[in-house]
Amino acid sequence: MSTAERDAATSLVRGLDADRIANGAMYGLFGLYLLLVLVAHTTGAVLAWQLSVAAIVLGWILGTRLAVATYGKREHQQAAIFSVLGIAFVIVGLLYQTSSPGFGFGPSRVLAVVLAFVLTLSYFLVVTDARRYTAGQWAAVGCFAVLVGIYLAHTLAFVPSSSQSRWPVWAAVIMGSSLFVIPQLVPGRVFLRVLSGLAAAVVALGVATYAVGDYTLWIFEVGRYTASSPSVPGFDPDVLTLQSIFPNPNGLGLLSFAGFVGAVVELHRSAVARRPIGTAVAAVLAVVCGLGVVLSNARAAMVAAAVATAIYGAYAVAGRTAVPVAVAVTALGVFSGLAAMALGLVGVSASGRFELWAASLNAIADGPLPFGHGSGPASTVIEPYLPGEGAPTPHNSYLSVVIQTGLVGGLAYVGLVVGSIVARTIDYRDVDVAMLALAVGWAIHQFFESYTMFDWSVGAVLATATIGYLIFDR
C-alpha cells in the first residue's frame, strides 16, 4: 500500500470514529430527553416549558446536521446553520416568555397567538428541511397545524395569567419535536433499544418494592398501588398492583407495553443476525417489560402489547404479505371484543368506559361541533352527563380531542394516527413493520386512555414519535 493509500485509509477510519462519537453523543442526548420527559411526568420537577426548551436542542441538532449534509459550499452551509440557530433562538425566547403570563408579542392577544402559531410551525419546517417532504408528509404537517391552530385559538378564552392560556405552546413544541424531529434524528432501531432499556429499568425499580417495600430514590417515589392487585386470566400473582415511579399504574403499563414491543423486535432481529449476546439481553428486557405490563394491571396496555406483538409475530413468521392481514384481524378482534362486552356476551368488565364514552358523545353532540368546547379539561365538560359526583376523564384519546377541538380537530387527529397507519399498511412492502406494529398498539391504547398526543406526558411523547417514524421513516 502506498503512502497516499495509507493516508486515505487513516482519514476514513478517523472520519468513521468521529461519526460514531457524534452519533453516540446525539443518542445520549435523546436518552436524556426521554429521562426528562419521565421526570416531568412522574415528579413535576421539570416544568413543561423547560421540557420544551430541551426539545428545541434536538431540533437544532437535526437542523445543523441537515444543513451540513445538504449544502456543499461552505457559505451555504453557514447561512443554513445560522437560519436554524436564529429560528431556534426565537422559539426558545417564546418558551421562556411563557414561563410567566403572556407571549411577549405586545398587548394584542390575537396577534400574539397568530405569531406564536406561525413561528412554531416555521421552526419545524426550517429545522427538518421541509423542501424534501412528500405529499403524505405535508398532509401530516397540515394535521399538526390544524391541531395547533385550534388549541392556540382556544387560549383566548382564558385570562393571560392562567396556565390554560399558555400550555398549548408547550404541547405544540413537544408534539412537533416528537412527530418531526426525533424520527429524523434518531434511527428507529436506536429508539426501540432506548425505549426497552428505559422501561425495563423502571419496572426493575418497582419490582424491588416487593422485597424491600416502598422507598424513595432521588426525586422518585417508588411504590405499589394498594387499592388493587393484578388480575390476569389464568394467572394470579397474589401481589399488589405495581406503579413503580408513576403516580398511577396505567403510566407504568403504557411504558412497559412500549418497552416490551421494542424488546421483542430486538430479540427477533438479534436472533436472525445470530448475535447471541444481543439475543440474551433482548430476551431479559422482554421478560422484565412483560412482567411490568402484567403487574401494572393495565388492561389497555395488555391489549396493546398483544396487538403489536401479534402483528410483528405474523411478519416474523410469514413475511411482509401477512402484515396487512394481521393489522386488519387484530383491529377487528379488539372492536369485536368491545362489542361482545357491551352486549354482555363475555364476562370482562369495561371499568365503566362505556358510560364515559356515552357521556362524551352526548357532550360532543350538545357542544360547539366545529371547534369544540376549548382546551380546558375534558372531564369538566362531560361531568353534567354522568350520574353521581366527580369528573372522570373520557378514557378515550380521540373523544378527548373532539371534545376540546371539535370535529375539525378530531378529523385532523384521527387523520394523523389512523391515516398514517392505513397508508403505511398499504405500503407494507417498504414499511418498518416494527414501527407499524407499535403504532397500531398505540392507536388501540389511545382508545382506552385519556392522554392525547398534544401533550408532554410519557404516552404522548412515545405515541407521537412512533407515528412520526411511520411518516418520516429514513
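Look up: the structure comes first, before these words.
Here the structure is a predicted model, which is why all the values come from computation and not from measurement. (Residues numbered from 1 in each chain as written. Predicted model: local features only at pLDDT ≥ 70, side-chain atom pairs only at ≥ 80, totals over all residues. Heavy atoms only, no water.)

Looking at the sheet that holds strand β1 (residues 215-217)
Put simply, the rule reads: At least two bridges found by DSSP between two strands is the condition for calling them paired. Under the DSSP-based scheme used, a helix requires at least four consecutive residues in state H or I and a strand at least two consecutive residues in state E, with every element numbered from the N terminus. Interaxial angle, 0 to 180 degrees, is taken between N-to-C directions of lines fitted to C-alpha atoms, where a helix line uses only the stretch in contact. By the convention used here, residues are in contact when the closest approach between their heavy atoms is within 4.5 Å.
Spatially, the three strands line up as an open sheet ordered β1-β2-β3, and their pairing is antiparallel. In this open sheet, the two strands that pair with only one neighbour each are β1 and β3 (241-244). The mean angle between the axes of side-by-side strands here comes to 20°, regardless of whether they run parallel or antiparallel. Across the sheet, helix α7 (residues 188-207) lies against β1, β2 (220-225) and β3, angled at about 120° from β3, the strand it touches most. Across the face of the sheet, helix α9 (residues 249-272) comes into contact with β2 and β3 while running at roughly 80° to β3.

Some thoughts on the pairing of β3
Operational definition: The cut-offs for exposure are 20% and 50% of the maximum accessible area for each residue type, with area from a 1.4 Å probe on protein chains only; residues under the lower value are buried, those over the upper are exposed, and the others partly exposed.
Here β3 shows no split at all, with Thr-241 and Gln-243 on one side and Leu-242 and Ser-244 on the other all buried. In the sheet, β2 pairs with β3 via three bridges, with the strands oriented antiparallel. Each bridged residue has a counterpart across the sheet, and for Gly-223 the counterpart in β3 is Ser-244.

Things to note about the nonpolar core
Let me state the cut-off plainly: We define a nonpolar core as any set of buried Ala, Val, Leu, Ile, Met, Phe, Trp, Tyr and Cys residues linked to one another through side-chain atoms lying within 4.5 Å.
Residues Tyr-33, Phe-191, Leu-255, Phe-257, Leu-416, Leu-438 and Trp-442 are the most contacted members of the largest nonpolar core, which totals 145 residues. Looking at which element gives the most residues to this core, the answer is helix α6 (residues 167-185), with 13 residues. With sequence-adjacent residues up to four places away left out, Trp-442 is seen in contact with Leu-254, Phe-257, Ala-258, Tyr-451, Gly-459, Leu-462, Ala-463 and Thr-466.

Describing the packing of helix α3 (residues 74-97) against α6
For the record, the criterion: Here a crossing is called left-handed whenever its near helix is offset anticlockwise from the far helix by less than a right angle, and right-handed whenever the offset is clockwise.
Relative to each other, α3 and α6 sit at 145°, their axes nearing to 10 Å. Taken as a pair, α3 and α6 cross one another with a handedness that is left-handed. Contact residues: α3 offers Ile-91, Leu-94 and Leu-95, while α6 offers Val-169, Trp-170 and Val-173.

Overview of the pattern of salt bridges
What counts here: A pairing counts as a salt bridge when a side-chain nitrogen of Lys or Arg comes within 4 Å of a carboxyl oxygen of Asp or Glu.
Per the stated rule, a full pass over the model turns up nine salt bridges. Of the charged contacts in the structure, one is a salt bridge between Arg-189 and Glu-266, with a shortest N-O distance of 3.3 Å. Of this pair, Arg-189 sits in helix α7 while Glu-266 sits in helix α9, and the two are 77 residues apart along the sequence. Its salt-bridge partner being Arg-224, residue Asp-214 comes within 3.2 Å of it at the nearest N-O pair.

A word on the side chain of Thr-466
Our working definition: We call two N or O atoms a polar contact when they sit within 3.5 Å, provided that within protein one can donate a hydrogen and the other can accept it, with sequence-adjacent residues counted only if both atoms are side-chain atoms.
Positionally, Thr-466 belongs in helix α17 (residues 458-471). Taking relative accessible area as the criterion, Thr-466 reaches 0% and is therefore assigned buried. From its side chain, Thr-466 meets the backbone oxygen of Leu-462 in a polar contact 2.8 Å long. Not counting chain neighbours up to four residues away, the residues in contact with Thr-466 comprise Phe-191, Met-435, Leu-438, Ala-439 and Trp-442.

Regarding the packing of aromatic side chains
Just so we agree on the cut-off: Pairing of aromatic rings covers Phe, Tyr and Trp, the last counted by its six-membered ring, and requires centre-to-centre distances within 6.5 Å; plane angles under 30 degrees mean stacked, over 60 mean edge-to-face, and any other angle means tilted.
As enumerated under the stated definition, the model contains 26 aromatic pairs in all. Seen in terms of ring centroids, Phe-144 and Phe-180 are 5.2 Å apart; in terms of plane orientation they differ by 85°. Their pairing is edge-to-face. One end of the pair, Phe-144, is in helix α5 (residues 135-154); the other, Phe-180, is in helix α6, and 36 residues separate them in sequence. The pair formed by Phe-144 and Phe-180 is uniform in burial state, with each residue classed as buried. The rings of Tyr-123, Phe-124, Tyr-133, Trp-138, Phe-144, Phe-180 and Phe-472 are connected pair by pair, giving a single aromatic cluster.

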